[in-house]
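Below, each chain spelled out in residue letters.
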Amino acid sequence: MCLTRDELSALLAATKERKFKPGDTLFSKDGKFDGLFVVTRGIVEERVGGENMTILRGLGSIVSFANMVNPDSKKALFTAAARTDVTANCIPTQTLEPILRKNAKFREIVAKSSILVLAKLHPGTAKELATMEENSLNEFIATSEFKMPGPKDKLRFPNGGFCLLGSVRVIVAEGSESKEKYGENSYIPPSDKEFAAGKKDTVVLVFTKKMETFVKEHDVKHKKSHGKHKASISVAFEKEREVDIGFNRLVIETERKGSYIPPAGQPYLTCLLYTSDAADDLLCVDLGGRRIIKKKKSCLFA
């Protein structure tokens, strides 16, 4: 778990439950961002661009770490609105900020969880990352190295990287000015050159594999996997609604009589577990030819 007991206790003590009707905004682009929302019921739209740039977040999703990448910023990067009736636990940013500054592992989780949104918001500088399928992108980012370099630290990006905050530039001879520089939300192409961080706080990800190599390997692996596992996901609930599939999103938004929605202040969230090949890790139950994904308790920020 990336949070200490004291940090978790502080978050839970500050958390408040909030409810939204369809169309209500949780926060608006360029407006004040004053808290993360953990969805406990319903579906939230993250409007990160045009009509085709909406990300759907369901039960157990966090909306949105992308607004926390720069702890000094108080503005929302995009608009988030309720698509259905929504219940969510709100964790105030004033409680999160000191933890984010002290806890490097938590900050790494925030950074890596934000790449999808940041790439969609900044396709011009995010380059190929903006066009990657979500599952592939998250899998690719998960293995990257998280770094917060100081101005005297040297960096290398042999497989490329991504600058989330601040900037990095190629080191050149003294007296010369580097023309190769990458700012916030920028993809850094593979290079054998040495880089230095700018004067501002800098946060980067160093990729452990070149993007094109990963994509080829990923496509081959999933073609083989798809041939073996054509499992359809069915859920024996009273009400089910398909939503956009993704690593951090639900396959199905569900409601059931007697379903448990934890009140604000409890450390555990009940959510559906989704795996890429219909739970081939055996966390599923065969229901006479149909498969139901088990509910599983997972600790917040574990």
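All values derive from a computational prediction rather than experimental measurement.

Draft legend 1. The arrangement of the side chain of Ser64 in detail. For Ser64, the location among the structural elements is in the loop between β6 (62–63) and β7 (79–82). According to the relative accessible area criterion, Ser64 is buried, its value standing at 4%. If we ignore the near neighbours within four places in the chain, the residues touching Ser64 are Phe27, Phe33, Leu36, Glu46, Phe78 and Val117.

Draft legend 2. Just the sheet that holds strand β10 (residues 154–156), in detail. With antiparallel pairing, the 4 strands of this open sheet are ordered in space as β10-β15-β12-β13. Only two strands of the sheet have a single neighbouring strand rather than two, namely β10 and β13 (181–182). Sheet topology places strand β12 (residues 168–170) next to β13; 2 bridges connect them, and they run antiparallel. Directly across from Val168, in β13, lies its bridge partner Tyr182.

Draft legend 3. Region of the structure containing helix α3 (residues 104–121). Taking 1.5 Å of rise per residue, the 18 residues of α3 would be expected to cover 26 Å, and the 25 Å separating its terminal C-alpha atoms lies within 8% of that figure. Bending of α3 peaks at approximately 45° at the position of Ile115. Buried within α3 are the following residues: Phe106, Arg107, Glu108, Val110, Ala111, Lys112, Ser114, Ile115, Leu116, Val117, Leu118 and Ala119. Capping of α3 at its N-terminal end is provided by Asn103; its side-chain oxygen lies 3.2 Å from the backbone amide nitrogen of Lys105.

Draft legend 4. Geometry of the nonpolar core. Grouped together as the largest cluster of nonpolar side chains are 58 residues, with contacts concentrated most on Phe27, Phe37, Phe106, Leu129, Phe140, Leu164 and Phe207. With 8 residues, α3 is the largest single contributor of residues to this core. Listed in part, the 10 residues of the second largest apolar core include Phe157, Cys163, Val170 and Val206.

Draft legend 5. Representation of the confidence of the model for the protein chain. The predicted model of the protein chain averages 76 in pLDDT, with 71% of residues at 70 or higher. Contacts from residues 229–299, a stretch scored under 50 in pLDDT, to residues over four places away or in other chains number 141 contacts.

Draft legend 6. Quick look at the side chain of Asn103. For Asn103, the position within the fold is in the loop between α2 (93–102) and α3. Polar contacts involving the side chain of Asn103 include one to the main-chain amide nitrogen of Lys105, which spans 3.2 Å. There is a polar contact of 3.0 Å between the side chain of Asn103 and the backbone nitrogen of Phe106. Excluding anything up to four places from it in sequence, Asn103 contacts Cys2, Leu3 and Glu7.

Draft legend 7. Main features of the pattern of salt bridges. Evaluation of the coordinates by the stated rule reveals 13 salt bridges. For Glu45, the salt bridge identified is with Arg83, shortest N-O distance 2.7 Å. Residue Glu45 is found in strand β4 (residues 44–47), and its partner Arg83 is found in the loop between β7 and β8 (86–92); the two are separated by 38 residues along the sequence. Residue Arg83 is classed as partly exposed on the basis of its relative accessible area, which comes to 42%. Across the salt bridge formed by Glu194 and Lys154, the nearest N and O atoms sit 3.9 Å from each other. Of this pair, Glu194 sits in strand β15 (residues 194–197) while Lys154 sits in strand β10; the two residues are 40 residues apart in sequence, bridging distant segments of the chain. Assessed through its relative accessible area of 59%, Lys154 is described here as exposed. Salt bridges sharing partners connect three or more residues here, namely Glu45, Arg47 and Arg83.

Draft legend 8. Here's a closer look at the packing of α2 against α3. The N-to-C vectors of α2 and α3 enclose an angle of 105°; their axes lie 6 Å apart at closest approach. As summarised for this structure, α2 and α3 are arranged roughly perpendicular, according to the angle between their axes. Taking contact as the criterion, the partners of Leu96, Ile99, Leu100 and Lys102 in α2 are, on α3, Ala104, Phe106, Arg107 and Val110. The residue inventory of the contact of α2 with α3, partitioned by class, reads 6 nonpolar, no polar and 2 charged.

The rules behind each value
- Sequence order as written defines residue numbering, which begins from 1 separately in each chain.
- Since the coordinates come from a predicted model, pLDDT governs what is reported: local features require at least 70, and pairs of side-chain atoms require 80 or more to be given and counted, while whole-chain, interface and lining totals use all residues.
- Each side-chain value is derived from all of the structure's non-hydrogen atoms; neither hydrogens nor water enter the calculation.
- Put simply, DSSP H or I for four residues or longer makes a helix, DSSP E for two residues or longer makes a strand, and each gets a number counted from the N terminus.
- Burial classification: accessible surface area is computed with a 1.4 Å probe over protein chains only, and a residue below 20% of its type maximum counts as buried, one above 50% as exposed, and the rest as partly exposed.
- Contact criterion: two residues are considered in contact whenever any of their non-hydrogen atoms come within 4.5 Å of each other.
- The criterion for strand pairing is that DSSP finds at least two bridges linking the strands in question.
- Expected helix span is computed as 1.5 Å times (number of residues minus one).
- In this analysis the local bend is the angle between axes fitted, respectively, to the seven residues ending at and the seven residues starting at the residue.
- We define a polar contact as two N or O atoms separated by no more than 3.5 Å, with the added condition that, inside protein, one atom must be a possible hydrogen donor and the other a possible acceptor, whereas residues neighbouring each other in sequence contribute only through side-chain atom pairs.
- Residue types Ala, Val, Leu, Ile, Met, Phe, Trp, Tyr and Cys, when buried and joined through side-chain atoms within 4.5 Å, form a set referred to as a nonpolar core.
- By definition, pLDDT measures how confident the predictor is in each residue, and it falls between 0 and 100.
- The rule for a salt bridge is simple: a side-chain nitrogen of Lys or Arg has to be within 4 Å of a carboxyl oxygen of Asp or Glu.
- Axis geometry follows a simple rule: fit a line to the C-alpha atoms, using only the stretch in contact for helices, then measure angles between N-to-C directions, giving values from 0 to 180 degrees.
- With respect to orientation, any angle under 35 degrees is reported as roughly parallel, any angle over 145 as roughly antiparallel, any angle of 65 to 115 as roughly perpendicular, and every other angle as oblique.
- We call Asp, Glu, Lys and Arg charged. Ala, Val, Leu, Ile, Met, Phe, Trp, Tyr, Cys and Pro are nonpolar, and the rest, Gly among them, are polar.

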